[in-house]
Every structure is written in C-alpha cells, then in structure tokens.
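Chain residues, written in single-letter form:
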Amino acid sequence: MARILLTGGTGFIGSHTAVALAEAGHVPVLLDNFANSEPSVVEAVGAITGASPTLVEADIRDRDTLAAVLRDHKIDAVVHFAGLKAVAQSVADPVAYWDVNVGGMIALLGAMRETGCRRLIFSSSATVYGEPAALPVDETAPTGAINPYGATKLACEQLMENLAASEAGWDLVALRYFNPVGAHPSGSIGEAPRGSPNNLMPILLETVTGRRGPLSIFGDDYDTPDGTAVRDYIHVMDLAEGHVAALEAPGEGFRAFNLGTGRGTSVLELVRAFEQATGVPVPREKAPRRPGDVPVLEAAVGKAERELGWRATRSIAEMCRDAWRFASRN
Ligand code: NAD
Ligand code: UFG
C-alpha cells in the first residue's frame, strides 16, 4: 500500500486513476484548483471505492503548498495530471500553457526534491511524436512538438530526463497517452470539461444530447481505408490501470511508455461503433481537415507490456457504451 498524490486528481483521467489506485489497495490524495473540474468528483470517487479520498485545493505552481502536502500526507509517489490541454488554446495563449504546464512541473519537482519524494509518473502525450515517420510509433521514435501544448509536454519530459541524469535515486516515468475516451462503468465519473470540448468523443456526446448540431467529420480524403483520420482510442479505465502498473513496477532514472491499444480506429468507424453500441444515431456532416491533424496515429505497445506487465483490454464498444452511460446520466 502506497500513499499517492494525484495532481489534477479531480479531472477526467485523474479521477479514474484515483478509483483504480484505491481498488488496488493504495491511498490516493487528490490536489486540484478546479480550473477544469468540480470538487463533487471526490464524493463520486468515494461512492465507487467506499471511501472519499482526501482533497487539497491548491495550484500546481504553489511549491510551498506542494512541499507541505508531500510531508503532511507522507506521500510515497506523485502522479502529475494537473495542466492545461487544449491545443488551439495553447496556440492562442502559449504563456499560460508554459506557466501552468512547465511552471507547475518545476514547482512540483522542486517540492519533491526538497522533501525527498523521488517517484513521479507524468501525464505526457502522443503529441510529443509530432508527425511520426513510421507507424505504429514506439518510444524510440524522434520527438518534436508541432504546437505549444506539445512543446510544454516535451519540455517536462526533458526536465525529468535532466533531473534523473543529475542525481541517482529518481524514478521518473512519462506515460504518453494516445486518445483516452470512455468513463467508469458506474456512470458516476467521466469526462466533464468546463466550457466547449475539443476532442471527438465529448463533442459527439454534445451532438447526441442535442447540445450542438451535427458532428463535423474533419477530413474524408486522408490516405486511410475510409478517408477519415485514424487514432488509437483507449478506454480511460485501461489508462488508469496503466498508472497503477507503472507505480507497482519501480525503476530508476527516466523512462517513457506509450499507453494505447495498438489498434487504430477511424473517425467514421468510431461514430458507427457508437451507434451500434448505444442504439443512438449520430447526426454528422463532412467538414474540411482540421489544421494540425495527423492522418494516422497508432501506438506500439510492446514496451509497456514487457516492462510494466500492462496491456489495454477494453473494446471500442465498451468505450462508447461507458461514455454514453455517463453522458446520459449527467
Ligand atoms: P482534465 O482537464 O480533466 O484534468 C486536468 C486537471 O488539472 C483538472 O482537474 C484541472 O482542474 C486541473 N488543473 C489545471 N490547472 C491547474 C493548476 N494550475 N493547478 C492545479 N490543478 C490544475 O484533463 P485530463 O484529460 O484528465 O488530462 C490530464 C492530463 O493528461 C493533462 O496533463 C493532459 O495534458 C494529459 N493528457 C490528456 C489527454 C486527453 O486526451 N485527455 C491526452 C494526452 C495527455
Ligand atoms: N474530430 C472530428 N470532429 C470533431 C473533433 C475531432 O472529426 O469534432 C477528429 C479529429 O480530426 C481527429 C480525431 O477526431 O482526427 C480525434 O480528434 P481529438 O481532438 O479527439 O484527438 P487528437 O488525436 O486530435 O488529439 C489528441 C489529444 C491531444 C494531443 C493529440 C496528439 O487530445 O491532447 O492527441 O497526441 F495533442
């Protein structure tokens, strides 16, 4: 049993990871400033696991508070989710993205160094691969940012690598998420962003619940079987369990792992799978390609299987059913 601090712990991936950690016998402590989530998530997590986790309201850039939390709660390891994640917004306001994402990481690592906590798991992204030259993309592929959001994720990874090289005893892991979707099967936690969503599944859910018009399918002339872009969608509970596996497989230095399924699904396939899994029709229309989108992104998943003993097991149908259950209840 370990005591784990989850920064950004009331967010989409953080809340599901809190459930997975509690179910594996660990003690999650959540820290968030509610920039993109609600405090009520804590009770929802508690209703699933049988005990509401401790919640600390704080900003990830507040190093002194972070150090106090690490000490007071005797934290063994940190999972760092807190940050800003909208690509277009990062183009419009790069200072805010560097401030929260990179400034937050600097404050966190400073507090960890000060208090002797040496284990960190960081929410990185497949975006660090930019436009990959070969698919499926593995962890040895060259990295490169194609937008400010990606630049902040890469900068955080580089800082972790520099720190691990500077001093023995650090165990720093970057988990490069592909496309997380779905929700806990209870339907009581899920993806509930403030404001307008940017990703396919939450936008599709707004369409089918009547909160927006037809789903725009961005591009139907890619070099893919049906012309629409292909992504590696992963159920958020599989992703959450990937964090538990990473915490339970200690290592040394800096390591990066892809978390995906290794299977690509096109936009059109996802839309049809949703209709089939839920019986709910998805009104849709063709739209031009979205600037900055890559045609295909699929993870090579062998490293996580070998070194963490983890692989994703849930299907696209489960992702759709669980996402719909949460959306239709909330
Ligand atoms: P989310 O917005 O639901 O969760 C992030 C949490 O961080 C929110 O609860 C938010 O309130 C909190 N937060 C933001 N700024 C903060 C600050 N200054 N101080 C403290 N807390 C703050 O997003 P998510 O989808 O759960 O993503 C979690 C992490 O995973 C992020 O770092 C994101 O970049 C990364 N990631 C997400 C995806 C995805 O598609 N969802 C893909 C790759 C990587
Ligand atoms: N899409 C549509 N219509 C929409 C929204 C999305 O057709 O209304 C398409 C996109 O064009 C893309 C696919 O659905 O082909 C998936 O789009 P998302 O925005 O859900 O996901 P992305 O793969 O573009 O982005 C994700 C993360 C980013 C990360 C990026 C690269 O959300 O944080 O992967 O790794 F930067």
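Not measured: the values here are computed from a predicted model. (Residues numbered from 1 in each chain as written. Chains lettered and ligands numbered in written order. Predicted model: local features only at pLDDT ≥ 70, side-chain atom pairs only at ≥ 80, totals over all residues. Heavy atoms only, no water.)

(A) Layout of the nonpolar core. If you look at the biggest cluster of nonpolar residues, it comprises 38 residues, and the most contacted ones within it are Ile-4, Leu-6, Leu-175, Leu-308 and Trp-310. No other element matches the eight residues that helix α8 (residues 236-247) contributes to this core. Counting residues in each nonpolar core, the second largest holds 33 residues, with Met-112, Met-160, Trp-170 and Leu-172 among its members. (Core = buried A, V, L, I, M, F, W, Y, C linked by side-chain atoms within 4.5 Å. Buried < 20%, exposed > 50% of the residue type's maximum accessible area, 1.4 Å probe, protein only. Helix = DSSP H or I, 4+ residues; strand = E, 2+ residues; numbered from the N terminus.)

(B) Representation of helix α7 (residues 200-208). Counting buried positions along α7 gives nine out of nine residues, so the element sits mostly inside the fold. Along α7, the residues classified as buried are Leu-200, Met-201, Pro-202, Ile-203, Leu-204, Leu-205, Glu-206, Thr-207 and Val-208. Residues of α7 that are buried sit in contact with β7 (179-181), β8 (215-218), β10 (233-235), α9 (267-278) and α11 (316-329). Just downstream of α7 lies Gly-210, where phi reads positive at about 80°. (Contact = heavy atoms within 4.5 Å.)

(C) Summary view of the packing of helix α1 (residues 12-23) against helix α2 (residues 41-49). α2 packs onto α1 with a crossing angle of 30° between their chain directions and a minimal axis gap of 10 Å. Relative to α2, α1 is oriented roughly parallel. Of the two elements, α1 crosses α2, and the hand of that crossing is right-handed. Along the contact surface, α1 presents Ser-15, Ala-18, Val-19, Ala-22 and Glu-23, while α2 presents Val-41, Val-45, Ile-48 and Thr-49. Of the residues that constitute the contact of α1 with α2, the class distribution is six nonpolar, two polar and one charged. (Axes fitted to C-alpha atoms, helices over the stretch in contact; angles between N-to-C directions. Parallel < 35°, antiparallel > 145°, perpendicular 65-115°, else oblique. Left-handed = near helix turned anticlockwise from the far one by under 90°. Nonpolar A, V, L, I, M, F, W, Y, C, P; charged D, E, K, R; others polar.)

(D) Examining empty space enclosed by the protein more closely. Tallying each qualifying case throughout the model produces two cavities of 30 Å³ or more. In this model, the largest cavity occupies a volume close to 40 Å³. Around the largest cavity, the lining residues are Gly-182, Ala-183, Glu-191, Met-201, Leu-205, Ala-323 and Phe-326. Where the lining of the largest cavity is concerned, the elements lending two or more residues are α7 and α11. A breakdown of the residues in the lining of the largest cavity according to their chemical character gives five nonpolar, one polar and one charged. Its boundaries defined by the atoms lining it, the second largest cavity holds a volume of some 30 Å³. Along its surface, the second largest cavity is lined by Gly-260, Thr-261, Val-301, Glu-305, Arg-311 and Ala-312. Here the lining of the second largest cavity is composed, by residue class, of two nonpolar, two polar and two charged. (1 Å grid on protein atoms, 1.4 Å probe; cavity = no way out; pocket = protein on both sides within 12 Å on 5 of 7 lines; lining within 4 Å. Points joined across faces, edges and corners; volume = space filled by probe spheres on them.)

(E) Region of interest: the packing of aromatic side chains. All told, the structure shown has one aromatic pair when counted by the stated rule. Taking 6.1 Å as the distance between ring centres and 85° as the angle between the ring planes, the aromatic pair formed by Phe-274 and Trp-324 counts as edge-to-face. With Phe-274 in helix α9 and Trp-324 in helix α11, the pair connects residues that are 50 residues apart, well separated along the chain. Lying over the aromatic face of Trp-170, Arg-118 brings its terminal NZ or CZ to 4.4 Å of the ring centre. Positioned above the aromatic ring of Phe-257 is the side chain of Lys-303, whose terminal nitrogen or guanidinium carbon lies 4.8 Å from the ring centre. (Phe/Tyr/Trp six-rings, centres within 6.5 Å; stacked < 30°, edge-to-face > 60°. Lys NZ or Arg CZ within 6 Å of the ring centre and 35° of its normal.)

(F) Representation of the pairing of strand β6 (residues 171-177). Buried residues dominate β6, accounting for seven of its seven residues. In β6, alternate side chains face the same way, and those of Asp-171, Val-173, Leu-175 and Tyr-177 on one face and Leu-172, Ala-174 and Arg-176 on the other are all buried. Summarising the sheet, strand β5 (residues 119-125) and β6 pair through seven bridges and their orientation is parallel. Each residue of the ladder has a partner; that of Ser-123, found in β6, is Leu-175. For the segment spanning β5, helix α6 (residues 148-166) and β6, crossover handedness is right-handed. Where β6 lies against strand β11 (residues 253-259), seven bridges are found, and the strand directions are parallel. Within the sheet, the bridge partner assigned to Arg-176 lies in β11 and is Asn-258. (Pairing = 2+ DSSP bridges. Right-handed = clockwise from strand over helix to strand, strands pointing away.)

(G) Up close: the site of ligand 1. Neighbouring ligand 1 are 27 residues, the closest being Asp-32, Asn-36, Ser-37, Lys-85 and Tyr-149. A distance of 2.6 Å separates an oxygen atom of ligand 1 from a polar atom in the side chain of Asp-32. Taking Lys-153, its side chain carries an N or O atom lying 2.9 Å from an oxygen atom of ligand 1. Isolated, ligand 1 exposes 820 Å² of accessible area, and the fraction of that covered by the protein chains is 95%. Breaking the shell around ligand 1 down by element, the ones donating at least two residues are α1, β5 and α6. (Near = heavy atom within 4 Å. Polar contact = N/O pair within 3.5 Å; in protein donor to acceptor, adjacent residues only side chain to side chain. Areas by Shrake-Rupley, 256 points an atom, 1.4 Å probe, with all protein chains shown as cover.)

(H) Quick look at the sheet that holds strand β1 (residues 3-7). Spatially, β3-β2-β1-β4-β5-β6-β11 is the arrangement adopted by the seven strands of the open sheet, whose pairing is parallel. The strands lining the two open edges of the sheet, one partner per strand, are β3 (54-57) and β11. Taking the axes of each pair of neighbouring strands and ignoring which way they run, one obtains an average angle of 20° across the sheet. Here β1 pairs with strand β4 (residues 77-80) via four bridges, running parallel. Its bridge partner being in β4, Leu-6 is matched across the sheet by Val-79. Here α1 sits on the sheet and contacts β1, β2 (27-32) and β6; the angle it forms with β1, its principal contact strand, is near 170°. Strands in contact with α6 are β5, β6 and β11; relative to β5, the strand with the most contacts, it is inclined by about 155°.

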